[in-house]
Amino acid sequence: MSQAEFVIRRPDDWHLHLRDGAMLNAVLPHTSANFARAIIMPNLVPPVVTVADATAYRERIMAALPEGHQFEPLMTLYLTEATDPADVEEGVKQGLIKALKLYPAGATTNSDSGVRVIEKIYPVLEKMAEIGVPLCVHGEVTDADIDIYDREAVFIERVLSPIRDRFPDLRIVMEHITTEDGVAFVNEAGDNIAATITTHHLIINRNAYLVGGIKPHYYCLPVAKREKHRLALRAAATSGRAKFFLGTDSAPHPTHAKESACGCAGIYTSINTISCLAHVFEEEGALDKLEAFASLNGPAFYRLPVNEETIRLYKSDAPLELPSTVAVQSETVTVFDPGFPLHWRHEDMR
Ligand code: DOR
Ligand code: ZN
């Protein structure tokens, strides 16, 4: 399909880091201008571990929402070895908790309180399978002897496959998949297993952060892999298959914390994701699949209604001029540079 204008239902972001305080205030307007809802990651310091924590965090998000913006934060809990199945059930019954997030301890930013011994969370997983609430998984092992480029595939083999076999009804989202192994695992699994794909993993491969100097603004976790994996992700995202949907994993860090001898993982894409995706889907001849990926498949998996509002996407000759950084008090967050000019714009249809 090649065209210069089309309308889709308003997108949602099924994996987002909003942070807290000044950072939350700075980044939330970009999400609420572009998305109707987002699954909010719970890796704050300290993490969002109880229903009470999630209730308070939701209130802070709503208080930070710009006037006139409509946005629904979909709250999650951070799974620990001490998570109480009764608290989970209560949060889901209230309609507040939409998913639980499994971080293997040490896998990524603020994951120290994550799970070390997976069997310890089996009682919670059993409860989750019973009540139908999805488990969102950061799918990388953390063993020092496993090469970082193999950590997703090894996670599938050692952790995810056993969980799937033990809890066949558990609904699982493999977050931000980065490999053809992740795509294959999800494709071959039942309807209870899906995956999110980020904007940046559709655009960059590992050369982006390693060739021509080290480029910390392309560093995220899981790290971008070889080109063949990026192509597998593109094929999955543009397939229209209900199992694959957008989760930006937009993860703001102050610029100085990324441009460091030990730079933080995270890429900030909330501000330009929709333009980047339209570019990618057009390159793949799949603009007609963008709505499924960004606006339909996610709500179907989460058993939520699709958004009634729509947006119009259109192509302009002049490239979009977006800021390269966003101010956060005296600091900045660097915006993802896709490496090509963006010509797709969008506006709300009212
Ligand atoms: O790149 C990442 N940044 N990956 C994650 O899993 C966490 C995130 C963050 O919170 O900064
Ligand atoms: Zn994330």
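None of the values given here were measured: they were computed from a predicted structure.

Caption draft 1: Quick peek at the coordination of the zinc ion (ligand 2). Protein coordination of the zinc ion (ligand 2) is provided by His 15 (NE2), His 17 (NE2) and Asp 249 (OD), with donor distances spanning 2.0 to 2.1 Å. Read N to C, the donor residues that coordinate the zinc ion (ligand 2) are spaced as H-x1-H-x231-D. Within this pair, whereas His 17 is found in the loop between strand E2 (13-16) and helix H1 (21-34), its partner Asp 249 is found in the loop between strand E9 (244-246) and helix H9 (255-258), the two being separated by 232 residues in sequence. Note on accessibility: His 17 and Asp 249 belong to one class, buried.

Caption draft 2: Looking closely at the pairing of strand E11 (residues 325-328). Residue alternation in E11 divides its side chains into a buried set, Val 326 and Val 328, and an unburied set, Thr 325 and Ala 327. Sheet analysis places E11 next to strand E12 (residues 331-334), joined by four bridges and oriented antiparallel. Paired with Thr 325 across the strands is Thr 334, a residue of E12. Here E11 hands over to E12 after two residues, with Gln 329 in that stretch at a positive phi of 50 degrees.

Caption draft 3: How the structure looks around H1. In this model H1 runs 21 Å from its N-terminal to its C-terminal C-alpha over 14 residues, within 8% of the 20 Å that 1.5 Å per residue would give. The axis of H1 is deflected most strongly, by about 35 degrees, at Val 27, and proline Pro 29 appears within four residues downstream. Within the span of H1, buried status applies to Met 23, Leu 24, Ala 26, Val 27, Leu 28, His 30, Thr 31, Ser 32 and Asn 34. Next to the buried residues of H1 lie E2, helix H2 (51-64), helix H10 (273-283), E11, E12 and strand E13 (344-349).

Caption draft 4: Expanded view of the sheet that holds strand E1 (residues 5-9). Pairing in this open sheet of three strands is antiparallel, and the strands run E1-E10-E13 from one edge to the other. Of all the strands in the sheet, just E1 and E13 have a single pairing partner and so form its edges. Ignoring strand direction, the axes of neighbouring strands in this sheet form an average angle of 25 degrees. Taken together, the six bridges between strand E10 (residues 310-315) and E13 define a ladder with antiparallel strand orientation. The residue bridging Arg 312 from the neighbouring strand is Glu 347, located in E13. Its contacts with the sheet put helix H11 (residues 290-302) on E1 and E10, and the angle it makes with E1 is roughly 25 degrees.

What counts, and where the lines are drawn
- Residues numbered from 1 in each chain as written.
- Chains lettered and ligands numbered in written order.
- Predicted model: local features only at pLDDT ≥ 70, side-chain atom pairs only at ≥ 80, totals over all residues.
- Heavy atoms only, no water.
- Donors = N, O, S within 2.8 Å, 3.2 Å for Na, K, Ca; no water.
- Helix = DSSP H or I, 4+ residues; strand = E, 2+ residues; numbered from the N terminus.
- Buried < 20%, exposed > 50% of the residue type's maximum accessible area, 1.4 Å probe, protein only.
- Pairing = 2+ DSSP bridges.
- Expected span 1.5 Å × (residues − 1).
- Bend = angle between axes of the 7 residues up to and from the residue.
- Contact = heavy atoms within 4.5 Å.
- Axes fitted to C-alpha atoms, helices over the stretch in contact; angles between N-to-C directions.

Distances and angles like these do not, on their own, reveal function.
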